[in-house]
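Residue-level structural notes
Below are the chains, spelled out letter by letter.
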Amino acid sequence: MTDAWIVVLAVGTATVAIKSLGPVLLGGRPLPSAVTGVVELLAPALLAALVVTQALASGQSISPDARLVGMAAAGIALWRKAPILVVIVVAAAATALTRSFV
Amino acid sequence: MGGSSARRYRDGARAVAPLAVAVLGFGISFGLLARSAGMGWLAPIVMSATTFAGSAQFAAVSILGAGGTVAAAVAAAVLLNIRYGPIGVSVAPWLDGPAWWRFLRAQLVVDESWAVAAEGEGRFDPGILVGAGLLLYVSWVAGTAIGAFGGQALGDPKTLGLDAAFPALFLSLLLPQLRNRRTIVAAVLGGAIALALTPVAAAGVPIIAASAGCLIGLARK
């Protein structure tokens, strides 16, 4: 078997297992109350981490680029209560425009 | 019940529809990258269909393409996907039914489907999750196939600014979550930890460490 296939099978198996763990073992029942307090803060913590890394990082370096203009435009759209579809299109368009000029 | 869950599926698909274009574009990039890394056409498609996690797939294939070892490629990808452990726990209460059905729906959990299904205060809508996850899955696998067969339908997704679509979606979904002091503190901690660790830690670690920001939930309310 080639290296590529070993990676495909190993990563696939591991990811399927990781994704299944919670839903298969704990599915359909309320979580213990000690865990609920933590889990309800997972969304804000993780979403904030995804925002900053995907808006600012390139690989392992923090390198602000045209995405920042896109995020600023998204911020304005959100402030004007635009629907998410508009926010996303505005962010992509502002980023693309900035890249075409810089 | 059936009718209403079909509507939730549709709502979920609609919620990520603007992202589906971006996911298709990055799927094409992934297919092209995998092909140029010498993986052929079938392995990248199988990888997208089974792993269904963009960042991990890009990491693994980049490492292989740069002549890295199998172990390094697998380790990087697994590290990037560890976050799906806690994410899976967070949606578990909302996925009911037989184990095989929970198992299948768990595969549709990616950052974006999870984020649009989050209703705040730890609640998730499983119909939204599945509808969004299915559309993203089809886009990702189809994009990979197009790229793996050498298509360049969209060119570089970055030229179209599609890489900014993802943080814009996450920002849109983050703001309504910030309802009280605890959620704001968790978000600030999560963002700060991820930012601080990005330059120094292996890819994947900053995001896992940032999710530890939710541990402030253990503090007294």
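Everything quoted here is computed from the prediction, not taken from an experiment. (Residues numbered from 1 in each chain as written. Chains lettered and ligands numbered in written order. Predicted model: local features only at pLDDT ≥ 70, side-chain atom pairs only at ≥ 80, totals over all residues. Heavy atoms only, no water.)

Here we look at the environment of glycine 68 of chain B
Residues and elements named next belong to chain B. Within the secondary structure, glycine 68 sits in the loop between α3 (54-65) and α4 (70-81). Residue class for glycine 68 comes out partly exposed when judged on its relative accessible area of 26%. Expressed as a C-alpha distance, the spacing of glycine 68 and glycine 97, which sit 29 residues apart in the sequence, is 42 Å. (Helix = DSSP H or I, 4+ residues; strand = E, 2+ residues; numbered from the N terminus. Buried < 20%, exposed > 50% of the residue type's maximum accessible area, 1.4 Å probe, protein only.)

Examining the side chain of threonine 98 of chain A
Residue and element names in this part refer to chain A. Position of threonine 98 among the secondary structure elements: in helix α5 (residues 84-101). With relative accessibility at 18%, the residue threonine 98 sits in the buried group. Within polar-contact distance, the side chain of threonine 98 engages the backbone oxygen of alanine 94 at 2.6 Å. The contacts of threonine 98, once residues within four sequence positions are left out, are Ala66 and Val69. (Polar contact = N/O pair within 3.5 Å; in protein donor to acceptor, adjacent residues only side chain to side chain. Contact = heavy atoms within 4.5 Å.)

Re the pattern of salt bridges
Residue and element names in this part refer to chain B. Under the counting rule described, the total for this entry stands at eight salt bridges over all chains. Among the ionic pairs, aspartate 125 bridges to arginine 8, the shortest N-O distance being 2.7 Å. Note that aspartate 125 is positioned in the loop between β2 (123-124) and α8 (126-148) and arginine 8 in helix α1 (residues 2-36), a separation of 117 residues in sequence. For aspartate 125, a relative accessible area of 11% gives the class buried. Where aspartate 111 meets arginine 83, a salt bridge forms, and the shortest distance between an N and an O atom there is 2.8 Å. Of this pair, aspartate 111 sits in helix α7 (residues 111-117) while arginine 83 sits in the loop between α4 and α5 (84-91), placing them 28 residues apart in sequence. A relative accessible area of 5% means that aspartate 111 is categorised as buried. Take arginine 83: its relative accessible area is 6%, and that puts it in the buried class. Linked through salt bridges whose partners overlap, the residues forming this network are Arg8, Asp11 and Asp125. (Salt bridge = Lys/Arg side-chain N within 4 Å of Asp/Glu carboxyl O.)

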